[in-house]
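Structural features, examined
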There are 2 protein chains.
Amino acid sequence: MTRSPTPYRTLDPAGIRAFLAAQPALATRLGGQPDAWRVREVSDGNLNNVFLIDGPAGGVCFKQSLPHVRVDPDWKMPLDRTAFEAAYLRAVRPHVGNLTTELLHFDPDLFVLVVESLNGHVVLRHGLMQGGDWPKAAAAIGRFVARATFHTSPLALKFEASSALLAPFARNHTLTRITVDLVLTDPYHAHPRNHWLSPELDPIVANLRADPAVRRRVGQMQARFLTCQQALLHGDLHTGSVMVADQDSRVIDGEFALPGPIGFDCGLFVGNLLMHLFATPTPEGRTRALRDITQFWTHFRQDFTTLWTNAVAHSHSGDAYAAPLFRDDPTSLQQVQTQFLDAIEADTIAFAALEIIRRLTGYAHVADFDVIADRTARAARQEAALRLAQDLLAHPEHTSTVAALSARAADRAA
Amino acid sequence: MTRSPTPYRTLDPAGIRAFLAAQPALATRLGGQPDAWRVREVSDGNLNNVFLIDGPAGGVCFKQSLPHVRVDPDWKMPLDRTAFEAAYLRAVRPHVGNLTTELLHFDPDLFVLVVESLNGHVVLRHGLMQGGDWPKAAAAIGRFVARATFHTSPLALKFEASSALLAPFARNHTLTRITVDLVLTDPYHAHPRNHWLSPELDPIVANLRADPAVRRRVGQMQARFLTCQQALLHGDLHTGSVMVADQDSRVIDGEFALPGPIGFDCGLFVGNLLMHLFATPTPEGRTRALRDITQFWTHFRQDFTTLWTNAVAHSHSGDAYAAPLFRDDPTSLQQVQTQFLDAIEADTIAFAALEIIRRLTGYAHVADFDVIADRTARAARQEAALRLAQDLLAHPEHTSTVAALSARAADRAA
Ligand SMILES: Nc1ncnc2c1ncn2[C@@H]1O[C@H](COP(=O)(O)OP(=O)(O)O)[C@@H](O)[C@H]1O
Ligand SMILES: Nc1ncnc2c1ncn2[C@@H]1O[C@H](COP(=O)(O)OP(=O)(O)O)[C@@H](O)[C@H]1O
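Residues numbered from 1 in each chain as written. Chains lettered and ligands numbered in written order. Predicted model: local features only at pLDDT ≥ 70, side-chain atom pairs only at ≥ 80, totals over all residues. Heavy atoms only, no water.

Labelled according to an unreviewed UniProt entry, chain A appears under the name S-methyl-5-thioribose kinase, originating from Gluconacetobacter dulcium. In its Sequence similarities (unreviewed entry) section, UniProt records this for chain A: "Belongs to the methylthioribose kinase family." (UniProt positions renumbered as here; feature names shortened; annotations may be inferred.)

Okay, structure coming up:
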């Protein structure tokens, strides 16, 4: 295969049209003449240009990296993030099917990623903020994480295969640096990028930073994030990385993909559901948020365990907890599974707390609390969320299960 | 730099002489005329050809990978292992200085590694078997592990640097496969490569394999070995990988280098000292073995902690337990250090047990017990070592420190 080395340039709608027209498979998928295609910009993330293109026969979603952060052109950034997103889709799509989008095309010169367009879907965060309800979505995301992580771990793979699969993602330095700084470090010391509802939250922020038990747990989670390479992670699994329709839930935006602890993906999702819980003004909304946390965790844990049990039973398992040791001893298998998943549960709770803290006191905030018009009320809800997060970090022994976490969150958010 | 692509061939003494003569720096180091150089084969490991070459001015050690296991020509093996050994020396030598050898030359076509020749040194295992005593050696190895691991971890490095440093070693598949199979898996199920003093040890081997608590712990350590990438490891740090002289101790043979849990390096060394303890026939020998275990662990733990404390104090620390969180809170720093090193201690004990079991019941045995001429006595000592190892794995809660381990081992070896 020869490739003409097109120099990078940011494509405008006309350029996008020409780009798609030049790819027979994409042109066929859209159908009709390029002039008839509708090109709509939908960029709402921080980093990339995203367009939806509709033709008479179908639609595609076009995503292109920019040489800078989309919302801050002074913050320069390498272009390779869509390459990581393409690689993530290649790695997990065979295992998760329609729980993510199909990769239709990747152009390594223009850093253009084309995936199927989701029709009639909304971003879960926005949907929840508008009071929408998708009773099956959280369970679907639990299944997604279970499959995407199990199948990329040495529980499922010979170590040569898991190591080769994970290696390229360990080079996702640009976006991992964002996580290390913005999620795991900056919120815990004075940094110019931090901001919060001030002066209302000044006391709780000061309190959090002054709490040595919080800092100890944060340090520990930094080490866990950087050294515990259990599986391939999505790396940015908040409610803005999930799109939902009536009977369909999809994970998008895998550009932060990296090898890491499975509880990081779980924790980001749970943390964002918790923030929705604290932000949502109605008791029904809160009941649904709690249901979603339970559904997500239950399905993740159950699916992960089932995949593992089946792999061992069929001797398809990998080099960690190798099948010859457990094939004939289901009781021991169950015990090590419980232990392994309990450790993921503890990580999940800690990373959920870190996510809440960084989204309320760090650089990149979430919109969920915008539904509370009154500033004092908004600050009060945020403070309640931060207090819970502080306690989760300072006293992990008080809240050792996601069920216990839900119960405590329900109390505090009531 | 241009490189003539020499096809690989195994060099004989004449070839070695010519090879060294063609490298001005090496020829100068040896001095005089190539004809005057003495070439002696010293291969005693399982894998490679090793020669010592002495000239009028000095000596070098020449090591070349073979396309098969040296002691088993039917077991084919890629040549890249000396490349990993060269890379390991490059990575750690700046931090450990004369606790390892200087890398003088590496030829990537012939897979030839040339390092300084150690003069008047003996392999620690052989020295100990002959009743020798090197009171400072174990402490030196503890310092070696502390430095080699701390400086290659994200405790010391920004994650971009630690990740780039570790990445090439994650491709050391051939030798890691040996560890995964021979150390972590095969001894725990029926495998044709396993062997032991039979029938004497048949009952304890059967007992070990039938113990579900052992298998659960082994499974957990498999996962830890494959997913916990704390630092760059030597990967094969037994007493045959250490050479000692009166006032000098060196670690050699880093071809198994890989990213992994620091307790793996510690555990292999402690496990081999424990085997020496069980094998040595005299009370003085046992006293010295126990002293060595204590010295190794104390120095490792102390040096690792000091390096870490200094890094944080000077804000040279990495992204795990980042300096901004701990710089002004020495009490918290001490607490996370204790927690981190306690976890390494637990790993050390478990990996020591795995090493004992694989060296007495797996494929590659150790010579230590050969000093016991009487077969029944030899079997009894091995059984005692295996019983301790079984207990360490089945009941980690009984032996949570290396000090406790030494005490129990002293009892059982007496
Ligand atoms: N496959 C898709 N189909 C329809 N809309 C999509 C699709 N992918 C993304 N979007 C829309 O584009 C927005 C930005 O995409 P995203 O991948 O999150 O970009 P960024 O990496 O910049 O955050 C999403 O919030 C969503 O509204
Ligand atoms: N730098 C050295 N100086 C002197 N002797 C050495 C040196 N390196 C290795 N040896 C000798 O060669 C033997 C084999 O070397 P080693 O690196 O352990 O090979 P292998 O990888 O085959 O196990 C050692 O046991 C030791 O006796």
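Before going further, it helps to examine the site of ligand 1. All names here are of chain A. Residues in contact with ligand 1 amount to 19 residues; listed here are only the nearest, D44, N48, K63, D253 and E255. The side chain of K63 places a nitrogen or oxygen atom 2.7 Å from an oxygen atom of ligand 1. A distance of 2.8 Å separates an oxygen atom of ligand 1 from a polar side-chain atom of D253. Burial of ligand 1 by the protein amounts to 92% of the accessible area it has alone, namely 550 Å². At the level of elements, β2 (48-54), β3 (59-65) and β7 (112-116) are the ones that each hand at least two residues to the shell around ligand 1. Here the element with the most residues in the shell around ligand 1 is β2; it accounts for three residues. Grouping the constituent residues of the shell around ligand 1 by class yields ten nonpolar, four polar and five charged. (Near = heavy atom within 4 Å. Polar contact = N/O pair within 3.5 Å; in protein donor to acceptor, adjacent residues only side chain to side chain. Areas by Shrake-Rupley, 256 points an atom, 1.4 Å probe, with all protein chains shown as cover. Helix = DSSP H or I, 4+ residues; strand = E, 2+ residues; numbered from the N terminus. Nonpolar A, V, L, I, M, F, W, Y, C, P; charged D, E, K, R; others polar.)

For the rest of this paragraph, the subject is the interface of chain A and chain B. Contacts between the two partners involve 38 residues from chain A and, on the opposite side, 38 residues from chain B. When the buried surface of chain A facing chain B is broken down by residue, F159, R216 and L325 of chain A rank first, second and third, together holding 19% of it. Counting the contacts that link chain A with chain B gives six salt bridges. For D319 of chain A, the salt bridge identified is with R177 of chain B, shortest N-O distance 2.7 Å. For the side of chain A that touches chain B, the elements supplying multiple residues, two or more each, are α6 (159-166), α7 (173-183), α9 (212-227), α12 (323-326) and α13 (330-361) of chain A. A class-by-class count of the residues in the side of chain A that touches chain B yields 17 nonpolar, 14 polar and seven charged. (Contact = heavy atoms within 4.5 Å. Buried area = accessible area lost by both parts, 1.4 Å probe. Salt bridge = Lys/Arg side-chain N within 4 Å of Asp/Glu carboxyl O.)

Further remarks concern the domain arrangement of chain A. Residue and element names in this part refer to chain A. What the domain assignment lists for chain A is domain 1 (13-116) and domain 2 (122-413). Distance between the C-alpha centres of domain 1 and domain 2: 27 Å. Across the contact, 25 residues belong to domain 1 and 32 residues belong to domain 2. Broken down residue by residue, the surface that domain 1 buries against domain 2 is led by F84, Y88 and L99, which jointly contribute 33%. At the junction of domain 1 with domain 2, the criterion picks out two salt bridges. (Domains from an automatic or database assignment.)

Time to look at the UniProt feature "domain: Aminoglycoside phosphotransferase" (unreviewed entry) in chain A. The UniProt feature table records "domain: Aminoglycoside phosphotransferase" (unreviewed entry) at residues 39-276 of chain A. The annotated region residues 39-276 of chain A carries 40% helix and 21% strand content, and the separation between its end C-alpha atoms amounts to 32 Å.

For these two chains of identical sequence, chain A goes onto chain B by a turn of 180° and a shift of 0.0 Å along the axis, with RMSD 0.0 Å. The superposition of one copy onto the other is thereby described by a two-fold rotation axis. Residue C228 of chain A of chain A places its C-alpha closer to the rotation axis than any other residue of that unit, at 2.4 Å. The overlap is high: 100% of the interface residues of chain A also sit at the interface in chain B, so the same surface is used on both sides. (Least-squares fit on C-alpha atoms with pLDDT ≥ 70 in both.)

Between its first and last C-alpha, helix α10 (residues 262-279) of chain A extends 26 Å over 18 residues, near the 26 Å set by a 1.5 Å rise per residue. Within α10 of chain A, 18 of the 18 residues are buried, which leaves it mostly tucked inside the rest of the structure. (Expected span 1.5 Å × (residues − 1). Buried < 20%, exposed > 50% of the residue type's maximum accessible area, 1.4 Å probe, protein only.)

Okay, the sheet that holds strand β1 (residues 38-41) of chain A next. All names here are of chain A. Spatially, the five strands line up as an open sheet ordered β1-β2-β3-β7-β6, and their pairing is antiparallel. Because the sheet does not close on itself, it has two edges, and the strands there are β1 and β6 (103-107). Taking each pair of neighbouring strands and ignoring which way they run, the sheet shows an average axis angle of 20°. As paired elements, β6 and β7 share four bridges and run antiparallel to each other. By the bridge assignment for β7, H105 is matched with V114. (Pairing = 2+ DSSP bridges. Axes fitted to C-alpha atoms, helices over the stretch in contact; angles between N-to-C directions.)

A few words on the packing of aromatic side chains. All names here are of chain A. Enumeration over the complete set of coordinates arrives at 30 aromatic pairs over all chains. Their ring planes at 55° and their centres at 4.7 Å tell us that F225 and F264 sit as a pair that is tilted. Of this pair, F225 sits in helix α9 while F264 sits in helix α10, placing them 39 residues apart in sequence. Given the relative accessible area of 1%, F264 is considered buried. (Phe/Tyr/Trp six-rings, centres within 6.5 Å; stacked < 30°, edge-to-face > 60°.)

This part covers the site of ligand 2. Residues and elements named next belong to chain B. The immediate surroundings of ligand 2 are formed by 19 residues, with D44, N48, K63, D253 and E255 found nearest. Taking D44, its side chain carries an N or O atom lying 2.6 Å from an oxygen atom of ligand 2. The separation between an oxygen atom of ligand 2 and a polar side-chain atom of E255 is 2.8 Å. Here ligand 2 has 550 Å² of accessible area as a free molecule, and 92% of this is covered by the chains. In terms of residue count, strand β2 (residues 48-54) provides more of the shell around ligand 2 than any other element does, three residues in total. Split by domain, the residues of the shell around ligand 2 number at least three in each of domain 1 (13-116) and domain 2 (122-413).

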